[in-house]
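A look at the structure
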Number of protein chains: 6
Amino acid sequence: MDFDLPLDEARVYRPPLAVPDDLEEFWARTLARIGTAAPTFTRVDSGLVAVETYDVTLAGFDGDPVRAWLHLPASSLRAGPLPGVVQLQGYNGGRGLPHEHVFWALAGYAHLVVDTRGQGSGWTTGATGDPAGSGSSQPGFLTRGVEDPETYYYRRVYADAVAALEVLRGHDLVDPSRVAVAGGSQGGGISTSVAALAPSSVAAVLCDVPFLCDFRRAVAVSPAEPYGELVRYLAAHRDRVEQTFATLSYVDAAVLGRLATAPALWSVALMDLTCPPSTVFAAYNWYGGPKEIEVYEFNDHEGGEAFQQQRQLAWLPTVLGA
Amino acid sequence: MDFDLPLDEARVYRPPLAVPDDLEEFWARTLARIGTAAPTFTRVDSGLVAVETYDVTLAGFDGDPVRAWLHLPASSLRAGPLPGVVQLQGYNGGRGLPHEHVFWALAGYAHLVVDTRGQGSGWTTGATGDPAGSGSSQPGFLTRGVEDPETYYYRRVYADAVAALEVLRGHDLVDPSRVAVAGGSQGGGISTSVAALAPSSVAAVLCDVPFLCDFRRAVAVSPAEPYGELVRYLAAHRDRVEQTFATLSYVDAAVLGRLATAPALWSVALMDLTCPPSTVFAAYNWYGGPKEIEVYEFNDHEGGEAFQQQRQLAWLPTVLGA
Amino acid sequence: MDFDLPLDEARVYRPPLAVPDDLEEFWARTLARIGTAAPTFTRVDSGLVAVETYDVTLAGFDGDPVRAWLHLPASSLRAGPLPGVVQLQGYNGGRGLPHEHVFWALAGYAHLVVDTRGQGSGWTTGATGDPAGSGSSQPGFLTRGVEDPETYYYRRVYADAVAALEVLRGHDLVDPSRVAVAGGSQGGGISTSVAALAPSSVAAVLCDVPFLCDFRRAVAVSPAEPYGELVRYLAAHRDRVEQTFATLSYVDAAVLGRLATAPALWSVALMDLTCPPSTVFAAYNWYGGPKEIEVYEFNDHEGGEAFQQQRQLAWLPTVLGA
Amino acid sequence: MDFDLPLDEARVYRPPLAVPDDLEEFWARTLARIGTAAPTFTRVDSGLVAVETYDVTLAGFDGDPVRAWLHLPASSLRAGPLPGVVQLQGYNGGRGLPHEHVFWALAGYAHLVVDTRGQGSGWTTGATGDPAGSGSSQPGFLTRGVEDPETYYYRRVYADAVAALEVLRGHDLVDPSRVAVAGGSQGGGISTSVAALAPSSVAAVLCDVPFLCDFRRAVAVSPAEPYGELVRYLAAHRDRVEQTFATLSYVDAAVLGRLATAPALWSVALMDLTCPPSTVFAAYNWYGGPKEIEVYEFNDHEGGEAFQQQRQLAWLPTVLGA
Amino acid sequence: MDFDLPLDEARVYRPPLAVPDDLEEFWARTLARIGTAAPTFTRVDSGLVAVETYDVTLAGFDGDPVRAWLHLPASSLRAGPLPGVVQLQGYNGGRGLPHEHVFWALAGYAHLVVDTRGQGSGWTTGATGDPAGSGSSQPGFLTRGVEDPETYYYRRVYADAVAALEVLRGHDLVDPSRVAVAGGSQGGGISTSVAALAPSSVAAVLCDVPFLCDFRRAVAVSPAEPYGELVRYLAAHRDRVEQTFATLSYVDAAVLGRLATAPALWSVALMDLTCPPSTVFAAYNWYGGPKEIEVYEFNDHEGGEAFQQQRQLAWLPTVLGA
Amino acid sequence: MDFDLPLDEARVYRPPLAVPDDLEEFWARTLARIGTAAPTFTRVDSGLVAVETYDVTLAGFDGDPVRAWLHLPASSLRAGPLPGVVQLQGYNGGRGLPHEHVFWALAGYAHLVVDTRGQGSGWTTGATGDPAGSGSSQPGFLTRGVEDPETYYYRRVYADAVAALEVLRGHDLVDPSRVAVAGGSQGGGISTSVAALAPSSVAAVLCDVPFLCDFRRAVAVSPAEPYGELVRYLAAHRDRVEQTFATLSYVDAAVLGRLATAPALWSVALMDLTCPPSTVFAAYNWYGGPKEIEVYEFNDHEGGEAFQQQRQLAWLPTVLGA
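Because the structure is a prediction, the values reported are computed rather than measured.

Considerations on the packing of aromatic side chains
Inspection of the entire model under this criterion finds 102 aromatic pairs over all chains. Taken together, a centroid distance of 5.3 Å and an interplanar angle of 85° make the contact between Trp104 of chain A and Tyr109 of chain A edge-to-face. Here the two residues Trp104 of chain A and Tyr109 of chain A agree in accessibility, since each one is buried. Ring geometry for Trp266 of chain C and Tyr284 of chain C: centres 5.5 Å apart, planes at 70°, overall edge-to-face. With Trp266 of chain C in strand E9 (residues 264-269) and Tyr284 of chain C in helix H10 (residues 277-286), this residue pair connects regions lying 18 residues apart in the sequence. Under the relative-accessibility criterion, Trp266 of chain C is labelled buried at 0%. Residue classification places Tyr284 of chain C among the buried residues on the basis of a relative accessible area of 10%. The structure contains a cluster of three or more aromatic residues connected by ring pairs, namely Phe26, Trp27, Tyr91, Phe141, Tyr152, Tyr153, Tyr154, Tyr158, Phe211, Phe215, Tyr227 and Tyr250 of chain A.

Structure representation (structure tokens):
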């Protein structure tokens, strides 16, 4: 079980980072390619009486359509501008069915559940494709276009997430100064990166057992998927090791998170084989804003689950205000 | 993957049942031992604004305390007597944290989430112990007291569930004629059995991928837990095979379900290694009330998940009425 | 081990096929989209003295560039027009390094080793991307664009293979009437389909343990990858089962192979968990041309390997002529 | 394979212990609850001519009946008061059938093979139930009642073992000053703890690859059952970590063994995934009496087996005397 | 779990056998090569007082030395000529240490525990090598010399076992008319074969979950070792399938057992992946003598263990007489 | 994944070696037993036009016949004396079919592909038996005769390889001063050892991911086969640990390689569970000649494959000369 650093070493693990010289310029260019079409909101009947749900299509990277659900507390439950939560998804999942991911709406937030392009054929379903092709890649999303930061898959994903954030902030019923980004695993990595790419738009971050952190260590330590995609890719393309890590440094949440400023509540699980705890601490320790972290000593990648939700329900109002 | 009957054979699989002569007398005696103490309801703050939650303690078999959550739609969302849903848990789970299992409350129902005694240290937590001990048993709950129907663990569990049903039906805000029992896996087996033991109290059944059905076939076909507990028990106690199946026939949802009369919506998954489809069809085909079944061809024990919930959201009002 | 039909049943297994009404029209439209740019041939030094190797770029579906190696026997070893072999790759592989797949050149054939677009990051490497994106898909290639035959990944792959076939037939040193298509696993499925789509161009087929055959049975029987991609996709998208199989019927080598006319040598392995023997026999029994099959009773997906190569070395001249 | 400390570090591993303030008072109270009913001995025919066997029922914790076999060397093989061995069982086992565990009787000892309450449905069978219930627990025995030392399962088990020891010492044919306790795995942990709880009654200890040692490290290091029960329990009850280890400290053989005084022969296996070697050394290094340990470098939890028995056959007479 | 025939089909499964024309001649020639040197018996101290043990070296096939232990009940426990049991070992085991396998001596029999040449580096140790080399073979013993019955490994093993049988029958303290052969797994297959090769010397057979039966079905059905050795061998030597099964037919316990005449008690386990139940029934149903079989419905290859021993303790005297 | 030393520690890992006092004398005696019969060369038709192949039988240890293929570039491809490569096989493989292992012939070398006695029933087939028997051993080749260096299996294997080397050097078409030894895994270990045993005959070494290095560490670190054979052997023969390692020190490529003088190109894979990287570096760091090593960071035991071949194609001429 001792597959990673012991907790006391992990707590202070803050590895040197390979920060690309043009990191900020690259992302400025990237965000400039977000589409400008206005989002559409179509009311749907989810079967729930406590939540009011809209099917959202918004313009992501290169204007590609990105699908989301907007869940609002039922009208009788709300008063005044709502705080908001943008929820990013774990690897292979999607926004799901209309009644599926409504947690933050139940707690009184405007809750935007955003698809991850191309994904959504796994534990929950999605409705958003990725029109961009890629070079030779491993099955999975982690190596698509990885031969160059310009073509890398997560470039588009992060830009989509920033676009979604601004869509929620721009909604009539939402207080744009009180919007959080949230997610677990891949959703945690995206949340942290969004907080770095749009620091003035993010009021809080909820980042659980994040993926996409400290890739070089992750591929050495994690025996599980999806980091295994990278291992297999590099096992095949033995001549592309440095080039691949160079691309990855543009999307590494440990690299990007330094630029974030919003207060953040993280969680990490010490038996997490999918997102090894040291890689989570690597990103946490480099994170630029005020921060707290919950440590779940006996959990694998499921992390804190309902216990962490309880913690978040209590913490979020303390940073977003009433 | 072809570990069980093909679908067309499974659809008509209705095995001969070993119905104990004293089955109904046994259960009449059992239900007579349900405690008579009044339930207690204590308001708790779950952190959600859409749901009103109470911590419930009710008297189960032999009066043993059983814990539950009562979730009501927030007061602004309700009008008139509420229809109700009693939710029984899957193996190893519990009622969870106060904000965790609120689905039916969001849909407008009084939702009672009931612990399974002794369980609740797995995928969700519980707060209800089982004061009864047992003879020599395998790790797990399936062989506790299995040497005799009088001492068998599930005797107590089924009685607890009937007690919980009556508690919800007796609540001031609930319409006692419009209460359903619901559950997946172990919760499905309990639900069906409760519908058989208290037919006049159950208005509908939602039974997903049920456990506790057609034990003799289940232990031969399922390569997975928890039926494996029985396999290992019988592998050790080579001299107790017939005695063990005799006890199990008292709690077999295929045996009991014949006595149910409420309309029921079932689901089955054809790649379900935990609760093999033939065993589900065995119980479904013997079920005594009006019934429909959704077949999920490519799913393992997770079954229909959100897709089945969507189906249930539409179906339940058609049998409970407005 | 008895996971599939016994040999005597498999030998006569010829399932009813769901042949799309517009199958031939669809493929005519598809092949019409093959690019018209002339192929390029660049001599490379593979380090081998026995083989003369060229790096080939040819125009595939929609004119997308497809990479290949052309291996010729060293000039001192050849005389007169050469018979040819187009080799298609197994799933996840690519054309490899210049010295890697030279088998048929050693035997005196012009040997064209063709990439599979997007693949080539696995057991051998490739250099060909897939510029087309896709909708929500499972990690892997099998569900990319599967929501519609028009967008399905294998539409493009088959068209690329037909294009490659014509490139080899058009080479100055090659006798266009004596060109075979060959491959194992995915390469077997593609070879058979190419023989169906371009029957007048294919003089022989070498088809080993083919993939992409009799999908409906394959996903029910195979416990392995890559058919598992389809299982997981359908487990998520529970509402897309029929639509998905409708798409797959356009590329099913059992459906297409009926249209082939070239003599073929197949092989099948009875313990093949990846491409179950019954699915191979389904395609073999429907295959339209003269045919023979080698049965390897104790092999998994590796099949006959060098033993089958030996068989092929002897058989191919008997159909291609001297 | 290097999942634990290297041997040289393990040999000196003597971790700080969390000794409860009221440890000795707790156990004094516990042993005071051992039943006072006289044991019963019923002669049975085991089918063996070399051993004389009695079915024993003795009063354990709270007077609960505990079953055992007493095996004596056949009468023609014995002369004078016999030295004795009380054998405690490995996890999930029981006293077995009458002819099953007779080793020490063959060597000339009065051999008492004692059930572990509730267990005995695994590799050997038992006949002793546990009348005490428990709170919410994981499948298995390790978390039953673990919420409080008063209710913890192993409190009762250890008291039963002390009771059994005194029963053997009180038998007419036995020399009460020459009785050893023995066991492997769980039986090793119990043996060591009994030697601590009844130091004046134990003349020697045979402790092989013991379980129930140094829990905090064990759950971090062991990837196997049954320590996994604790991992899963704590993964669910994320809020009970400290409370759980506080309970465990009352039964930790490393904590208790400090109080033992009898000479002891231990064994440890360096590839033991079930009872990791460092946890064995933790208890060994804290053990209070004279001691020796055999190290099996290449064994998993089976340890030294017949080789260690041979060692024990030679060693035991040297400490018990002729 | 349903990996083999259901019980009712297995009970009557009596496959056609490929009996070699020269089977009896082959074995006559083979037994004629048993060495004629007198066995040696050296008293050893096993540490047990109930058993008197001798280290035996006897002359096996080609006179090669074969090691065994002879265990006698202690002298005070015996009177008159002793009945005997020759115990053959399971695959990979050996005679063990002197105190290890003494069961039948405890029950009053002269017990000869015989090594299997070359084996004995597994679950128990042996001291007997195999001086004969072999051709290309898989790791393991099952394919050594399998290219020809003359050189096949089990030819030597069976001859050794016959030699050992005659050694025990020739011992002064043994009644040669009351000697049984016994064994589980490989030991069961050898026992049955010995009963066929020396029918007038064998008074009873104890055959548990036998290996070496109905090879053609076994390799198709068993997913486990050691039959897997044959699968891998034939997967490599794709051209030696018929030749290999021709050799195996000389040692198949289903083929040989037809020639046996002694009363036999068998056992079979329905979940036995190592020696699938149908292959056991194949041999049982062809067995030539009077016979009974115990069926263990829920056991894997461990079979009936102590329960079967209890059955054997009762049965053996009924056929050997007092 | 971090199952072995990190790269920077592995690079300098040069463990103390247990060099037997009589190492060189032992091997001198051993090589003196190589047979003196002249090799035979029989032309075979492999079906390839680029290679000229001969079936070779040569005299190995004690004159035992050893089979090999001699592959020459087709006559039109060669001029003058050829440089040569002797290729030794990986564990369980053999020389294969005549067309199977021709790589170095394609590159212009006389290529001798040598069987490993007794092996050749695995991934490729062999035709060479081992006439020598052995004592009690584990399934596999690693423990055959390991009780004494005189009888140990690899003694014979290394001698065979030296014999093969001299056969190739003695061939009319070969330049004896320009012959390399090559192999991966077991073939790497043998190659290095041959370079040590016949330093004046070896002009270069190609050693990939070698097996048979630094046994003491290998058995502690590798969780895989075939080192597992040793683990299981020592787990059984708990009393033979030192004796076994004493034997192994005679064939350890780390011990022997010190005596080599030829330039060598090695490769190592950092995720190699079969031949852990530290054990490869142990041998590499002790290797006596000029040396280079390629490190494959993300590969398991497949190592560099075609990439390493490419490297070797370039490197070998630099040391053998034109």
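Still more to cover.
Description of the packing of helix H4 (residues 153-169) of chain B against helix H5 (residues 186-197) of chain B
All names here are of chain B. At a minimum axis distance of 9 Å, the contact between H4 and H5 shows a crossing angle of 70°. Accordingly, the angle class assigned to the pair H4 and H5 is roughly perpendicular. For the pair H4 and H5, the sense of crossing is right-handed. Contacts from Tyr154, Val157, Tyr158, Ala161, Val162 and Leu165 of H4 reach H5 at Gln186, Gly189, Ile190, Ser193, Val194 and Leu197. Class assignment of the residues belonging to the contact of H4 with H5 gives a composition of 9 nonpolar, 3 polar and no charged.

A closer look at the relation of the copies chain F and chain C
Mapping chain F onto chain C calls for a rotation angle of 180° and an axial translation of 0.0 Å; the resulting RMSD is 0.0 Å. Here the two chains are linked by the operation of a two-fold rotation axis. Interface overlap between copies: 100% of the residues of chain F at the interface are likewise at the interface in chain C, consistent with a symmetric, same-surface contact.

Description of the sheet that holds strand E10 (residues 291-296) of chain B
Residues and elements named next belong to chain B. Spatial ordering of the open sheet is given by E1-E2-E3-E5-E4-E7-E8-E9-E10, a layout of 9 strands whose pairing is mixed. Of all the strands in the sheet, just strand E1 (40-44) and E10 have a single pairing partner and so form its edges. Across the sheet, the mean angle separating the axes of adjacent strands is 20° when strand polarity is ignored. Bridge count between E1 and strand E2 (residues 51-59): 5 bridges; the pairing is antiparallel. Looking at E2, one finds that Phe41 is bridged to Val56. This element, H4, spans E1, E2, strand E3 (65-73), strand E4 (82-88), strand E5 (110-114) and strand E7 (174-184) of the sheet and lies at about 145° to E7.

A few points about the packing of helix H2 (residues 23-31) of chain B against H4 of chain B
All names here are of chain B. With their axes 10 Å apart at the nearest point, H2 and H4 run at an angle of 65° to one another. The interaxial crossing formed by H2 with H4 has right-handed handedness. When H2 is examined against H4, the residues Phe26, Trp27, Arg29, Thr30 and Leu31 are found in contact with a partner set consisting of Tyr154, Arg155, Tyr158, Ala159 and Val162.

Looking at unusual backbone geometry
Outside of glycine, negative phi angles account for most residues, and trans bonds account for most peptide bonds. Put simply, Glu225 of chain E and Pro226 of chain E share a cis peptide bond, and its omega is -5°. Phi is positive for Leu212 of chain D, which is not a glycine, with a value near 75°. Following the sequence through the fold, Leu212 of chain D ends up in the loop between strand E8 (204-208) and helix H6 (215-221). Positive phi, close to 55°, is recorded for Asp62 of chain F, a residue that is not glycine. Its location among the elements puts Asp62 of chain F in the loop between strand E2 (51-59) and strand E3 (65-73).

What to know about the environment of Ser191 of chain D
All names here are of chain D. By the secondary structure assignment, Ser191 is in helix H5 (residues 186-197). Taking the C-alpha atoms as reference points, Ser191 and Gly257, separated by 66 residues in sequence, lie 9.5 Å from one another. Sequence-distant contacts of Ser191, that is, excluding residues within four places in its chain, are made with Leu88, Val181, Ala182, Gly183, Val205 and Leu206. A distance of 3.2 Å separates the side chain of Ser191 from the backbone oxygen of Ala182, its partner in a polar contact.

Regarding the side chain of Asp214 of chain D
Mapped onto the secondary structure, Asp214 of chain D falls in the loop between E8 and H6. Only 2.9 Å separates the side chain of Asp214 of chain D from the side chain of Tyr13 of chain D, close enough to count as a polar contact.

Considerations on the interface of chain A and chain C
On the side of chain C, 29 residues touch chain A, which itself brings 29 residues to the contact. When chain A packs against chain C, the two sides together hide about 1,800 Å² of surface, and 44% of this comes from carbon and sulfur. Interface area lost by chain A to chain C is led by Ser121, Ser136 and Pro139 of chain A, which between them contribute 29%. At the level of secondary structure, the elements contributing two or more residues to the side of chain A that touches chain C comprise strand E6 (130-134) and helix H7 (227-236) of chain A. Per-element accounting of the side of chain A that touches chain C gives the leading share, 5 residues, to E6 of chain A. Taken together, the residues that form the side of chain A that touches chain C break down as 7 nonpolar, 18 polar and 4 charged.

Looking at the environment of Val179 of chain E
Residue and element names in this part refer to chain E. Relative to the elements of secondary structure, Val179 occurs in strand E7 (residues 174-184). The sequence separation of Val179 and Leu320 amounts to 141 residues, and the corresponding C-alpha distance is 7.6 Å. Excluding residues that lie within four positions of it along the chain, Val179 makes contacts with Gly84, Val86, Leu165, Leu168, Arg169, Val174, Ser201, Val202, Ala203, Ala204 and Leu320.

Details of the interface of chain F and chain C
Between chain F and chain C, the contact holds 25 residues from the first and 25 residues from the second. With both sides pooled, the region where chain F packs onto chain C buries about 1,900 Å², and carbon together with sulfur makes up 72% of that total. Ranking the residues of chain F by area buried against chain C places Leu77, His99 and Leu106 of chain F at the top, with a combined share of 28%. Counting across the chain F and chain C interface gives 0 salt bridges. Our count for the contact surface shared by chain F and chain C stands at 9 residue pairs in polar contact (both at pLDDT 80 or more). Those elements that provide at least two residues to the side of chain F that touches chain C are helix H3 (103-106) and helix H11 (305-320) of chain F.

Quick look at the relation of the copies chain A and chain C
You can overlay chain A on chain C at an RMSD of 0.0 Å; the transform is a turn of 180° with a shift of 0.0 Å along its axis. Interface overlap between copies is the fraction of interface residues in one copy that are interface residues in the other; for chain A against chain C it reaches 100%, indicating a shared surface.

Remarks on the pairing of strand E8 (residues 204-208) of chain F
Residue and element names in this part refer to chain F. Most of E8 is tucked away, with 5 of its 5 residues classed as buried. Here E8 shows two buried faces, one formed by Ala204, Leu206 and Asp208 and the other by Val205 and Cys207. As defined by bridge partners, strand E7 (residues 174-184) adjoins E8 across 5 bridges and the pair is classed as parallel. Paired with Val181 across the strands is Val205, a residue of E8. In the classification by handedness, the crossover that spans E7, the intervening helix H5 (residues 186-197) and the parallel E8 is right-handed. Pairing of E8 with strand E9 (residues 264-269) involves 4 bridges; the strand directions are parallel. The partner of Val205 across the bridge, within E9, is Ala264.

Points about the pattern of salt bridges
For the coordinates displayed, the defined rule picks out 120 salt bridges over all chains. Note that Arg216 of chain D is salt-bridged to Glu297 of chain A, the shortest N-O span being 2.9 Å. Placement of the pair is Arg216 of chain D in helix H6 and Glu297 of chain A in the loop between strand E10 (291-296) and helix H11 (305-320), with the two residues belonging to separate chains. Judged by relative accessible area, which is 34%, Arg216 of chain D ranks as partly exposed. Glu292 of chain B is paired through a salt bridge with Arg311 of chain B; the nearest N and O atoms lie 2.9 Å apart. Remark: Arg311 of chain B occurs in helix H11 (residues 305-320) and Glu292 of chain B occurs in strand E10; sequence separation between them is 19 residues. Taking relative accessible area as the criterion, Glu292 of chain B reaches 35% and is therefore assigned partly exposed. One salt-bridge network, in which partners are shared between bridges, spans Asp64, Arg117, Asp130, Arg156 and Asp160 of chain A.

Examining the state of the cysteines
Summed over all chains, the structure comprises 0 disulfides over all chains. No disulfide involves Cys213 of chain D; its nearest neighbouring cysteine sulfur is the one of Cys207 of chain D, lying 6.4 Å away.

Some thoughts on the arrangement of the chains
Considering only C-alpha positions, the minimal separation of the non-contacting chain A and chain E is 26 Å. The two units chain B and chain F are non-contacting; their minimal C-alpha-C-alpha distance is 26 Å.

Some remarks on the environment of Gly47 of chain D
As for its position among the elements, Gly47 of chain D is in the loop between strand E1 (40-44) and strand E2 (51-59). The partly exposed category is assigned to Gly47 of chain D, whose relative accessible area is 31%. Expressed as a C-alpha distance, the spacing of Gly47 of chain D and His99 of chain D, which sit 52 residues apart in the sequence, is 7.1 Å. In contact with Gly47 of chain D, not counting residues within four places along its chain, are Ala107 and Leu313 of chain E.

Criteria and thresholds
Residues numbered from 1 in each chain as written. Chains lettered and ligands numbered in written order. Predicted model: local features only at pLDDT ≥ 70, side-chain atom pairs only at ≥ 80, totals over all residues. Heavy atoms only, no water. Phe/Tyr/Trp six-rings, centres within 6.5 Å; stacked < 30°, edge-to-face > 60°. Buried < 20%, exposed > 50% of the residue type's maximum accessible area, 1.4 Å probe, protein only. Helix = DSSP H or I, 4+ residues; strand = E, 2+ residues; numbered from the N terminus. Axes fitted to C-alpha atoms, helices over the stretch in contact; angles between N-to-C directions. Parallel < 35°, antiparallel > 145°, perpendicular 65-115°, else oblique. Left-handed = near helix turned anticlockwise from the far one by under 90°. Contact = heavy atoms within 4.5 Å. Nonpolar A, V, L, I, M, F, W, Y, C, P; charged D, E, K, R; others polar. Least-squares fit on C-alpha atoms with pLDDT ≥ 70 in both. Pairing = 2+ DSSP bridges. Polar contact = N/O pair within 3.5 Å; in protein donor to acceptor, adjacent residues only side chain to side chain. Buried area = accessible area lost by both parts, 1.4 Å probe. Salt bridge = Lys/Arg side-chain N within 4 Å of Asp/Glu carboxyl O. Right-handed = clockwise from strand over helix to strand, strands pointing away. Disulfide = S-S within 2.5 Å.

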